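One-letter residues, chain by chain:
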Amino acid sequence: MLDRDRARRLAETALRASAADETEVVVEQTEQELNRFTADHPVQNLVRLLSRVSVRVRVDGHEGKASTGSTTDDAIRRTVERATAVARMMPRPATDLLPMAGRQEYTLRNREAVAPDPDATAKSVASMTARARGEGCRAAGIQSAENELRLVMNSRGLDVSDLDTRAEISFTVFKDDGAGWATGISHDRSGVSEESIAERAVTKALRSRNAVAVKPGHWTVILEPPAVASLLLFASYKGFGAQQVEEGSSFLAGKIGQKVVGDGVSIADDCHHPLAVGHTFDGEGLPRVAVPLIDRGVATGLVHDRATAHRFGCRSTGHATAQPSSSGPIASNLVLAAGTGSTADLLRGLDRGILVTQFHYTNMVEPTQLTLTGMTRNGTFLIDRGEVANPVKNMRFTQSLVEALRRVTGIAGDASLASALFGGYTVVPSVRIEGFHFSSGTEF
Amino acid sequence: MRDVQTWRELGRRALDICRSEGAQWADIRLGTVELEELVVRNGEVATLEQEEHAGFGVRVLVDGAHGFASGFDVTTAEVDRVARLAVRIARAGRTAGPGRLRWADEPAWKDVWTTPYVTDPFTIPLDRKLGILMEADRILRAKPEISATHNSMSFRRERQLFLSSDGADLAQTILRSGGGISATAHKDGETQTRSYPSAFGGQYMSLGWELIQALDLVGNAERTREEAIELLSAPECPVGDIDVILSGDQLALQIHESVGHASELDRVQGWEANFAGTSFVDTGKLSDRFRYGSDIVNLVADATVPGGLATVGYDDDGVRSQRWHIVKDGVFSGYLTSRDVAHFESESAPKSGAAAVPHSRSCSRAEGPWNVPIVRISNLSLMPGAWSFDDLVADTEDGVYMAGVKCWSIDQQRLNFQFTCEYGWEIKNGRRARTVKNPTYQGITPQFWRSCDAICDERQWRLWGVPNCGKGQPMQVAEMSHGASPTRFRKVAVGVRG
């Protein structure tokens with residue numbers, strides 16, 4: 001139901017209605033189908049349509065912004081008037097205000113929409129829950145399909161739009177005290193297999209029964225991709241942006257060109273990676289370019305928006321958030337370079353360690369070393385002499401991500417697109433880390 | 001509410017369509033949300049934005065299956081389409097599993113309700129609001145150690161009409177205001193932040209402009225700045241099992257994470273298990289009168305308390321707001337429920353004393369009419385005790401006082417938690433000693449609440465707003481308040497390091 005022509009008409013209506021020196025219009029429309037279910041039945045089953053039209057104007061160096069969820073011409077015109085009124089209320093002209101970006105020539109990625117299909121989704125959900133019930137398991141999960149249309153036009157000739165799409169299944173299974181989880185995320189439905197996801201989640205739940213407590217402390221860990229994603233998410237928010245480096249709150253402040261993590265670690269921001277999802281242009285309408293951030297352990301780059309690029313004397317990398325922004329540019333498509341081999345290869349030669357399926361509620365204790373804390377969840381296992389052994393009770397980690405990346409001793413070739421509780425989408429493989437600090441345990 | 005009559009006509013039309021398509025239950029919420037956000041950062045206006053959104057959502061039950069659809073074009077054609085879509089979704093979902101949803105019977109209220117306030121914050125000129133933020137910012141940046149500032153105000157008004165197929169007709173206007181300041185100090189590789197009156201945007205309440213006036217952001221800027229600078233040279237929090245006194249704002253988050261989410265009955269039933277998790281508070285703990293905390297711990301949910309962010313006349317299931325104990329004299333006593341999970345609580349009735357007939361506790365709320373209502377934490381507060389703060393410190397031989405939320409994390413059953421605060425000071429022999437940075441404590445929920453032995457009195461009790469509670473898939477943000485006064489917990493694991 002998303003209509004690019006209609007989105008364009010909304011933007012053109014706003015541009016025509018504005019008498020400001022510069023005007024930018026951003027139209028974002030989302031269509032999402034989502035079935036949220038237990039083993040017995042869906043608990044929420046929905047299709048929602050969301051719309052936002054944001055208008056940013058400049059009048060005599062003063063900037064104002066207003067947004068609306070309505071799509072009538074009257075609402076659009078009122079929004080322009082409110083943005084203009086807001087600009088006129090600014091106490092003084094904004095400093096270092098760059099002219100809005102002009103016309104851009106680059107290739108936009110437009111994916112085919114994943115149309116809502118409640119019947120097909122229900123059939124898929126039924127097959128997953130039947131698999132769980134067949135083993136006497138409880139279960140919970142979601143299956144969703146989402147399309148997000150984004151269009152940016154401005155009075156200087158900028159005119160870009162693309163369609164980002166996502167299909168996702170996330171499935172949690174419980175058997176007695178055991179829990180297992182598996183997920184699949186792709187830009188289209190064919191990239192996620194309900195049979196495979198159900199099988200992995202059920203198998204892990206059955207295998208994780210009768211967990212025993214192990215002593216917290218420093219352990220060698222093998223983190224599966226979603227666990228890696230929930231750590232790297234904080235480097236995305238708080239590490240690789242030029243503004244955080246300027247303010248001294250990033251672990252890369254004063255470290256560009258220096259060795260910051262282990263030799264085996266290379267990280268880039270690349271929305272064009274075949275597995276990645278997301279828009280191909282940023283909040284200012286500039287193309288997102290691939291940026292090598294860490295190359296074999298050496299800090300090589302940062303992501304920029306136009307403002308930080310101006311201050312640093314370089315070009316924007318296309319990582320602006322919606323403007324105006326107090327957070328600065330964000331590296332929102334991190335890719336940790338995959339190694340070779342499988343997770344089993346990471347196990348080889350490891351006498352004793354912990355295999356982590358997923359981290360839960362990871363949060364940041366301290367930004368300059370990216371000290372994080374969080375809990376293991378949905379499948380935590382002891383590794384004994386190179387084999388996955390018995391399940392262990394969940395533990396809390398309190399660990400600097402920077403230190404952890406210095407102690408990476410293996411990276412698998414199994415990169416996948418993964419997300420975390422607090423969001424984000426990262427392309428990551430499984431990773432082996434020495435001396436990972438678990439600080440306490442819990443009761444299950 | 002000039003739109004209400006139009007909404008009512010559209011809404012009744014949608015309900016008629018749902019019934020004619022076979023829905024046994026249908027409701028529709030139509031509404032608008034107005035938002036005004038102001039941020040002054042490092043001497044510049046970083047955000048000055050006004051938003052106005054409109055939309056509607058239709059929910060149905062067809063043969064025990066749930067369907068919901070929403071749209072943003074509030075027109076006859078779109079309302080018709082969305083109503084039919086909701087029924088189609090429910091019919092499709094009916095095939096996804098053998099079970100059925102249940103729905104508690106409740107009175108079909110007809111009412112109009114508005115948040116009580118003194119001054120509409122949307123009538124206060126922007127230049128007056130910016131003037132306060134700019135002046136607070138100037139004071140915060142008056143010393144070179146301050147590397148970043150963040151000063152904000154936020155105002156939100158939601159107008160909503162709820163209609164249901166059993167005749168409910170509820171028009172509500174919900175208003176809230178918020179504001180706060182923070183300063184980040186940086187020197188020699190050390191970075192510390194101090195906020196007022198609380199972190200992550202400050203204090204939020206269901207009040208008008210009078211809240212901003214009462215906060216006195218400018219008058220508290222100098223102290224906030226000095227505390228941020230003081231932390232740069234402060235030693236780390238000590239390590240060990242010692243007594244902790246938590247400030248009201250930190251205790252509010254402790255209540256939120258370790259009691260609020262744990263007592264959401266949809267979590268207990270596994271409905272949230274794939275996202276934020278489940279809960280250790282299974283229904284057996286209601287019937288078995290589980291010892292949640294010490295005898296002095298009384299935690300009361302209250303969707304009627306003045307100023308609370310979750311204070312409304314009726315929830316998004318159309319159920320009238322209520323007040324009840326979650327924990328009474330230390331014993332677990334009730335859940336947070338909605339109409340579709342209420343029966344799980346009543347089924348514990350034979351031993352727990354809960355009502356035998358399912359009734360919702362009025363906790364069903366959605367982020368705007370375009371999202372589906374789910375169980376949300378109500379205003380949930382620790383009732384005040386009898387101590388003055390000075391007496392409590394004087395009574396503590398070896399402890400740490402901790403204030404200001406900095407970092408939080410808790411396991412998916414809400415047992416193992418770890419919190420880091422912005423600011424702390426040691427207590428030695430009943431007296432305040434040196435300031436400490438990164439004060440961190442960790443515990444297991446019931447053991448922690450059972451170690452509570454002293455709660456300050458009503459003079460220090462206030463509601464603290466949580467404006468950013470995430471839950472559900474698709475994730476929705478809800479707001480609620482937690483009343484608390486400084487409170488002591490004995491022998492807590494303090495000073496966890498990475």
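Everything numeric in this text was worked out from a predicted model, so none of it was measured. (Residues numbered from 1 in each chain as written. Chains lettered and ligands numbered in written order. Predicted model: local features only at pLDDT ≥ 70, side-chain atom pairs only at ≥ 80, totals over all residues. Heavy atoms only, no water.)

(A) Examining the overall build of chain B more closely. Regarding its fold elements, chain B presents 12 helices and 23 strands. Whereas a compact globule of 498 residues would reach a radius of gyration of roughly 23 Å, chain B reaches 24 Å, a difference of no more than 12%. Once the C-alpha set of chain B is aligned to its principal axes, its extents read approximately 70 × 55 × 35 Å. The buried share of chain B, reckoned over its 498 residues, is 70%. For chain B, long-range pairs separated by at least 24 residues make up 75% of all intrachain contacts whose partners lie at least 6 apart in sequence. Just so you have it, chain B exposes about 16,200 Å², and 49% of that area is on carbon and sulfur atoms. Across chain B, 56 positive and 67 negative side-chain charges occur, with their mean positions spaced 2 Å apart. (Helix = DSSP H or I, 4+ residues; strand = E, 2+ residues; numbered from the N terminus. Rg over C-alpha atoms; globule rule 2.2 N^0.38 Å. Buried < 20%, exposed > 50% of the residue type's maximum accessible area, 1.4 Å probe, protein only. Contact = heavy atoms within 4.5 Å. Areas by Shrake-Rupley, 256 points an atom, 1.4 Å probe, with all protein chains shown as cover. Lys, Arg positive; Asp, Glu negative; His and termini not counted. Charge placed at Lys NZ, Arg CZ, Asp CG, Glu CD.)

(B) Region of interest: the domain arrangement of chain B. Residue and element names in this part refer to chain B. The assigned domain composition of chain B is domain 1 (4–232) and domain 2 (240–494). For domain 1 and domain 2, the distance between their C-alpha centroids amounts to 22 Å. Listed as interface residues are 50 residues of domain 1 and, on the opposing side, 48 residues of domain 2. The junction of domain 1 with domain 2 conceals about 4,100 Å² of combined surface from both sides, 54% of it contributed by carbon and sulfur atoms. At the junction of domain 1 with domain 2, the criterion picks out six salt bridges. In this structure, the salt-bridge partner of Glu-190 is Lys-437, at a minimum N-O distance of 2.6 Å. Remark: the boundary between domain 1 and domain 2 carries 27 residue pairs in polar contact (both at pLDDT 80 or more). With six residues, the single largest contributor to the side of domain 1 that touches domain 2 is strand 2 (residues 44–62). By residue class, the composition of the side of domain 1 that touches domain 2 is 22 nonpolar, 14 polar and 14 charged. (Domains from an automatic or database assignment. Buried area = accessible area lost by both parts, 1.4 Å probe. Salt bridge = Lys/Arg side-chain N within 4 Å of Asp/Glu carboxyl O. Polar contact = N/O pair within 3.5 Å; in protein donor to acceptor, adjacent residues only side chain to side chain. Nonpolar A, V, L, I, M, F, W, Y, C, P; charged D, E, K, R; others polar.)

(C) Up close: the domain arrangement of chain A. Residues and elements named next belong to chain A. Taken domain by domain, chain A comprises domain 1 (4–197) and domain 2 (211–444). Each side of the interface is counted separately: domain 1 has 32 residues, and domain 2 has 30 residues. Both faces considered, domain 1 and domain 2 share a buried interface measuring about 2,500 Å² in area, 54% of it formed by carbon and sulfur atoms. On inspection of domain 1 and its partner domain 2, the count reaches zero salt bridges. Viewed at the interface, domain 2 and domain 1 are joined by 15 residue pairs in polar contact (both at pLDDT 80 or more). Looking at the side of domain 1 that touches domain 2, the elements with two or more residues in it are strand 3 (62–68), strand 4 (138–154), strand 5 (159–175) and strand 6 (178–186). For the side of domain 1 that touches domain 2, the per-class residue count stands at 12 nonpolar, seven polar and 13 charged.

(D) Representation of the interface of chain B and chain A. Each partner contributes to the interface: chain B provides 81 residues, whereas chain A provides 78 residues. At the boundary of chain B with chain A, total buried surface from both sides reaches about 6,800 Å², with 53% on carbon and sulfur atoms. Summed over the shared surface of chain B and chain A, the number is seven salt bridges. The salt bridge partner of Lys-65 of chain A is Glu-49 of chain B, with a shortest N-O separation of 4.0 Å. At the junction of chain B with chain A, the criterion picks out 43 residue pairs in polar contact (both at pLDDT 80 or more). Of all the secondary-structure elements, those providing two or more residues to the side of chain B that touches chain A are strand 2, strand 3 (65–71), helix 2 (76–93), helix 3 (126–140), strand 5 (146–164), strand 16 (398–410), strand 17 (416–428) and strand 19 (440–444) of chain B. In terms of residue count, strand 2 of chain B provides more of the side of chain B that touches chain A than any other element does, 10 residues in total. Residue composition of the side of chain B that touches chain A, by class: 31 nonpolar, 33 polar and 17 charged. Bridge count between strand 3 of chain A and strand 2 of chain B: four bridges; the pairing is parallel. When the sheet's bridge partners are listed, Ala-66 of chain A is paired in strand 2 of chain B with Gln-50 of chain B. (Pairing = 2+ DSSP bridges.)

(E) Quick look at the packing of helix 1 (residues 4–17) of chain A against helix 2 (residues 73–89) of chain A. Residue and element names in this part refer to chain A. Direction vectors running N to C along helix 1 and helix 2 enclose 45°, while the axes themselves pass 9 Å from each other. For the element pair helix 1 / helix 2, the angle class is oblique. The two elements helix 1 and helix 2 cross, and the hand of that crossing is right-handed. Contact residues: helix 1 offers Leu-10, Thr-13, Ala-14 and Ala-17, while helix 2 offers Asp-73, Ile-76, Arg-77 and Val-80. Of the residues assigned to the contact of helix 1 with helix 2, the class counts are five nonpolar, one polar and two charged. (Axes fitted to C-alpha atoms, helices over the stretch in contact; angles between N-to-C directions. Parallel < 35°, antiparallel > 145°, perpendicular 65-115°, else oblique. Left-handed = near helix turned anticlockwise from the far one by under 90°.)

(F) A look at helix 3 of chain B. Taking 1.5 Å as the rise per residue, helix 3 of chain B with 15 residues should run 21 Å; its terminal C-alpha atoms sit 21 Å apart, in good agreement. Burial in helix 3 of chain B covers these residues: Leu-126, Lys-129, Leu-130, Leu-133, Met-134, Ala-136, Asp-137, Ile-139 and Leu-140 of chain B. (Expected span 1.5 Å × (residues − 1).)

(G) Representation of helix 1 (residues 4–20) of chain B in the model. Residue and element names in this part refer to chain B. For helix 1, built from 17 residues, the straight-helix expectation of 24 Å at 1.5 Å per residue is met to within 8% by its first-to-last C-alpha distance of 24 Å. Here helix 1 has its buried residues at Val-4, Trp-7, Arg-8, Leu-10, Gly-11, Ala-14, Leu-15, Ile-17 and Cys-18. Downstream of helix 1 by one or two residues, Gly-22 has phi in the positive range, about 110°.

(H) Looking closely at the pattern of salt bridges. All names here are of chain B. All told, the structure shown has 73 salt bridges over all chains when counted by the stated rule. With a closest N to O distance of 3.0 Å, Arg-102 and Glu-347 form a salt bridge. One end of the pair, Arg-102, is in the loop between helix 2 and strand 4 (110–114); the other, Glu-347, is in the loop between helix 9 (342–346) and helix 10 (349–352), and 245 residues separate them in sequence. You can call Glu-347 partly exposed: its relative accessible area is 45%.

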